[in-house]
Amino acid sequence: MTELLIERHGPVAVLTLNRPQAMNALSQSLIRSLTAAIVALGRDETARVLVLTGAGERAFSAGLDLKELGATSGLLGMVEGDGERPNPIRAIEQCPKPVIAAVNGVAITGGFELALACDILVAADTARFGDTHQRVGVIPGWGLSQKLSRIIGPSRAKEMAFSGRFVTAAEASAWGLVSRAVPAANLMADVMALAHEIAEVDAGFLADYKRLVDEGYGLPFAEAMRLEADWSRRHNGALAPEDLAARRVGVQAKGRAR
């Protein structure tokens, strides 16, 4: 069975983790395939937006394949460490295209980290999120200990990290962990509609805007504001008045159509 399914819907590429019998756990072969696919699609000019989801209804991903890791000494440190080994988290973060996570079921530990690497998270109302690093005695290596507290605050992040309690999609939406929670039956339709709407935007602009948000997020606020000001001056100063006028007409037309 192919562990990673890739479907193209015009400018939108859908990547499906296809190990439903293992709750879409990330085997070494799946990590390699997923990393390579994201890198390749990031370079493919015909792909404008990527959607990442899991096969079946139970799981987005249960994280790293612990059965596989337990059978090979020292593999865990290599999987989550730095270096040139395939790393889907780094691939998503470095991808110039927006990546949307369609969280169709549980997102646990490494699967949770995979979802958090995406630019936008949309969850089925049946989805749940859990940090179970404490249960297996493993320190996160894909960013969970640092990203989560910055998104939902240190108190909530520590509650999840220390207890292993699962958070529902409704809680995740209220906390700002996901953009929104939608009925499970509507998840892919809603995500695909969003993806196609994003795909209408100029690819170069999207790549720059993603980079600006991500780089600024890693800076103190005052430095981030200076970063935006610098980028704004360079980009906006190069815009031709006639191009801006044409885009204004398009924005107005789109607003009237809603």
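What you see is a predicted model; the values in this text were computed from it and never measured.

Engineer: I would appreciate a short explanation of the state of the cysteines in the present structure.
Structural biologist: A disulfide bridge is the covalent bond that connects two cysteines by way of their sulfur atoms. Per the counting criterion, the structure on display carries 0 disulfides. Of all cysteine sulfurs in the structure, the one in Cys118 sits closest to Cys95, which takes part in no disulfide; the separation is 9.9 Å. Take Cys95: its relative accessible area is 5%, and that puts it in the buried class.

Engineer: Any chance you could explain the sheet that holds strand β3 (residues 49–54) here in plain terms?
Structural biologist: Picture the strands of a sheet paired through backbone hydrogen bonds; they go either parallel or antiparallel. Spatially, β1-β2-β3-β5-β7-β10 is the arrangement adopted by the 6 strands of the open sheet, whose pairing is mixed. A strand with exactly one partner marks an edge of an open sheet, and here the two such strands are β1 (4–9) and β10 (180–182). The average angle at which neighbouring strand axes cross in this sheet is 20°, direction not considered. Examined bridge by bridge, strand β2 (residues 12–17) and β3 share 6 bridges and lie parallel to one another. Paired with Thr16 across the strands is Thr53, a residue of β3.

Engineer: Please clarify how the sheet that holds strand β6 (residues 106–108) should be interpreted in this entry.
Structural biologist: Pairing is mixed in the open sheet, where 4 strands are placed in the order β4-β6-β8-β9. Only two strands of the sheet have a single partner each, and these edge strands are β4 (59–61) and β9 (167–168). Both β6 and strand β8 (residues 128–130) contribute to a ladder of 3 bridges, which runs parallel. Opposite Val106, over in β8, you have Arg128 as the bridge partner. Helix α5 (residues 110–117) contacts β4, β6 and β8 of the sheet and is inclined by roughly 100° relative to β6.

Engineer: What should I look at first to understand a nonpolar patch on the surface in this one?
Structural biologist: Together, Val201, Phe205, Tyr209 and Val213 make up an exposed nonpolar region whose accessible area comes to about 350 Å². Mapped onto the fold, Val213 is located in helix α11 (residues 203–217). On the basis of relative accessible area, Val213 is assigned to the partly exposed category, the value being 48%.

Engineer: What's the story with the pattern of salt bridges in this structure? I'm lost.
Structural biologist: A side chain with one charge may pair with a side chain of the opposite charge, provided their charged atoms come close. On inspection of all chains with the given rule, the structure shows 9 salt bridges. With a shortest N-O distance of 3.0 Å, Asp119 and Lys210 are connected by a salt bridge. Residue Asp119 is located in the loop between α5 and β7 (120–124), and its partner Lys210 is located in helix α11; the two are separated by 91 residues in the primary sequence. Overall, the relative accessible area of 31% leaves Asp119 in the partly exposed class. Using a relative accessible area of 9% as the deciding quantity, one classes Lys210 as buried. One salt bridge in this structure joins Asp230 and Arg233, with 2.4 Å as the shortest N-O distance. Taken together, the positions of Asp230 and Arg233, both in helix α12 (residues 221–237) and 3 residues apart, correspond to about one turn of that helix. Given the relative accessible area of 33%, Asp230 is considered partly exposed. Taken together, the shared-partner salt bridges in this structure form one network comprising Glu3, Arg19 and Asp65.

Engineer: What is the right way to read α12 from this model?
Structural biologist: In this model α12 runs 24 Å from its N-terminal to its C-terminal C-alpha over 17 residues, within 8% of the 24 Å that 1.5 Å per residue would give. Those residues of α12 that sit buried are Ala224, Leu227 and Trp231. Axial view of α12: buried residues confined to an arc of 60°, hence all on one face. Exposed side chains of α12 directed beyond 90 degrees from the buried face belong to Arg226, Arg233 and Gly237. Where α12 is buried, its residues meet α11.

Engineer: Hey, could you run me through α5 in this one?
Structural biologist: In an α-helix, one turn spans 3.6 residues, which is why side chains three or four residues apart end up on the same side. Where burial is concerned, most of α5 is hidden: 8 out of the 8 residues are buried. All of the buried residues in α5 are Gly110, Gly111, Phe112, Glu113, Leu114, Ala115, Leu116 and Ala117.

Engineer: So what exactly am I meant to see when it comes to the pairing of β7 here?
Structural biologist: Consecutive residues of a regular strand have side chains that alternate between opposite faces of the sheet. Taken across its 5 residues, β7 has 4 buried, putting it largely inside the fold. Two strands pair when backbone bridges link them, and strand β5 (residues 99–103) and β7 are joined in this way by 4 bridges, in the parallel orientation. In the sheet register, Ala102 faces β7, and the bridge partner there is Val122. Bridge count for β7 against β10 is 3 bridges, and the pairing is parallel. Residue pairing in the sheet places Val122 in a bridge with Arg180 of β10.

Scoring rules and cut-offs
- Throughout this document, residue positions are counted from 1 along each chain, in the order its sequence is written.
- It should be noted that, the model being predicted, local features are given only for residues of pLDDT at least 70 and side-chain atom pairs only at 80 or more, the latter also being counted only at that level, while totals for whole chains, interfaces and linings use all residues.
- To get the side-chain values, take all heavy atoms of the structure and skip hydrogens and water.
- The disulfide criterion is simple: two cysteine sulfur atoms within 2.5 Å.
- Buried means the residue's accessible area, taken with a 1.4 Å probe over protein chains only, is under 20% of the maximum for its type, while exposed means over 50%, and partly exposed covers the values in between.
- Only strands joined by at least two bridges in the DSSP assignment are considered to pair.
- Counting from the N terminus, the helices are the DSSP runs of H or I reaching at least four residues and the strands are the DSSP runs of E reaching at least two.
- Angles shown run from 0 to 180 degrees and are taken between the N-to-C directions of axes, each axis being a line fitted to C-alpha atoms and, for helices, limited to the stretch in contact.
- The contact criterion used throughout is that any non-hydrogen atoms of two residues lie within 4.5 Å.
- Each patch groups residues whose relative accessible area exceeds 30% and which form no salt bridge, using 9 Å between like charges and 5 Å between nonpolar side chains of Val, Leu, Ile, Met, Phe, Trp and Tyr.
- Exposure was quantified through the Shrake-Rupley algorithm and a 1.4 Å probe, taking into account, for residues, occlusion by the shown protein chains and nothing else.
- Salt-bridge detection follows one rule: a side-chain nitrogen of Lys or Arg within 4 Å of a carboxyl oxygen of Asp or Glu.
- Under the convention used throughout, the expected extent of a helix is 1.5 Å for every residue step, that is, one less than its residue count.
- The arc in question is the one spanned by the directions pointing from the helix axis to the C-beta atoms.

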